[in-house]
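Chain and residue survey
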Amino acid sequence: MAKKQKYYVVWQGNNPGIYDNWADCQKQVVGVAGAQYKSFDSLDQAQQALRRPYSEVKGQKTLRDTMVGIDENGMTVVRQGNVPGPELDSLAVDAACSGNPGVMEYQGVYVANRQRIFHFKAPVGTNNIGEFLAIVHGLAYLKKHQLKQILYSDSVNAINWVRRKECRTKLPLTPQTVELWNVIRRAEAWLQTNTYTTEIRKWDTDHWGEIPADFNRK
């Protein structure tokens, strides 16, 4: 029986990166004080792991997990494994911020084909605010268009804020942030005056990779 292919991620070593054989990986870590490395069963797993700090990955078992990718036509595909994949007929939201606070934006993306559904940008904000507003925007959009899709977010904090119907940010109200605060208040008012049946789910980044609405700035 042929030996199963392994991929090795080196976070700290002579040349950090991904290696497809132990011999090359060994050259990067042997004799290096504090070397950080780990093996994975697939290239997808290795690529996802390299994007995360070693401290988050080192204690996890190597999984034959489900990964989400994009085919040659730009459609989302699920590579089946031991972990169920996401619902493709769904809406995913995410936010990004250049600084904290800094220029903030969020977007909503249809998971199946990665089509952007909505986008918002503010000159000053935080990532948590963006994640919160993205979920509320997604809820309002799905309700307006009477869509029964699941809404995915990768932010536990923002999901909890939405459930409490309050944006619990510490961003001060200043002349530079007043317009964003008006948006926050409208979002909170929407939550307080509307009901919705949309199921909000946490995107399983560990098994599925980055959420489709990610801005790819990591």
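The model shown is predicted, which means the values in this text are computed figures rather than measured ones. (Residues numbered from 1 in each chain as written. Predicted model: local features only at pLDDT ≥ 70, side-chain atom pairs only at ≥ 80, totals over all residues. Heavy atoms only, no water.)

Attention shifts here to the overall build of the chain. Along the chain, the regular secondary structure elements total seven helices and ten strands. In the chain, which comprises 218 residues, the proportion classed as buried is 43%. A total accessible area of about 12,100 Å² is found for the chain, and carbon and sulfur atoms account for 48% of it. (Helix = DSSP H or I, 4+ residues; strand = E, 2+ residues; numbered from the N terminus. Buried < 20%, exposed > 50% of the residue type's maximum accessible area, 1.4 Å probe, protein only. Areas by Shrake-Rupley, 256 points an atom, 1.4 Å probe, with all protein chains shown as cover.)

On to the nonpolar core. Counting residues in each nonpolar core, the largest one holds 30 residues, and the members touching the most others are Phe132, Leu133 and Ile135. The biggest single contributor to this core is helix 4 (residues 127-144), with eight residues. When neighbours within four sequence positions are excluded, Ile135 is seen to be in contact with Val93, Leu151, Ser153, Ala158, Ile159, Val162 and Ile200. (Core = buried A, V, L, I, M, F, W, Y, C linked by side-chain atoms within 4.5 Å. Contact = heavy atoms within 4.5 Å.)

Let us now look at the sheet that holds strand 10 (residues 200-202). With mixed pairing, the five strands of this open sheet are ordered in space as 8-7-6-9-10. The open sheet terminates on both sides in strands that have one partner only, identified here as strand 8 (115-125) and strand 10. Within the sheet, the average angular offset between the axes of one strand and its neighbour, ignoring direction, is 20°. Where helix 4 meets the sheet, it contacts strand 6 (90-99), strand 7 (102-110), strand 8, strand 9 (150-153) and strand 10, and its direction lies at approximately 155° from that of strand 6. Strands in contact with helix 6 (residues 178-193) are strand 7 and strand 8; relative to strand 8, the strand with the most contacts, it is inclined by about 130°. (Pairing = 2+ DSSP bridges. Axes fitted to C-alpha atoms, helices over the stretch in contact; angles between N-to-C directions.)

On to the sheet that holds strand 2 (residues 17-19), then. If you walk across this open sheet you meet the three strands as 2-1-3, and the pairing is antiparallel. A single partner strand is all that each edge strand has here, and the edge strands are strand 2 and strand 3 (36-40). Between one strand and the next, the sheet's axes are offset by a mean angle of 25°, whatever the strand orientation. In the packing of helix 1 (residues 22-29) onto the sheet, the strands contacted are strand 1 (7-12), strand 2 and strand 3, and the crossing angle to strand 1 comes to about 10°. Running at roughly 10° to strand 1, helix 2 (residues 43-50) makes contact with strand 1, strand 2 and strand 3 of the sheet.

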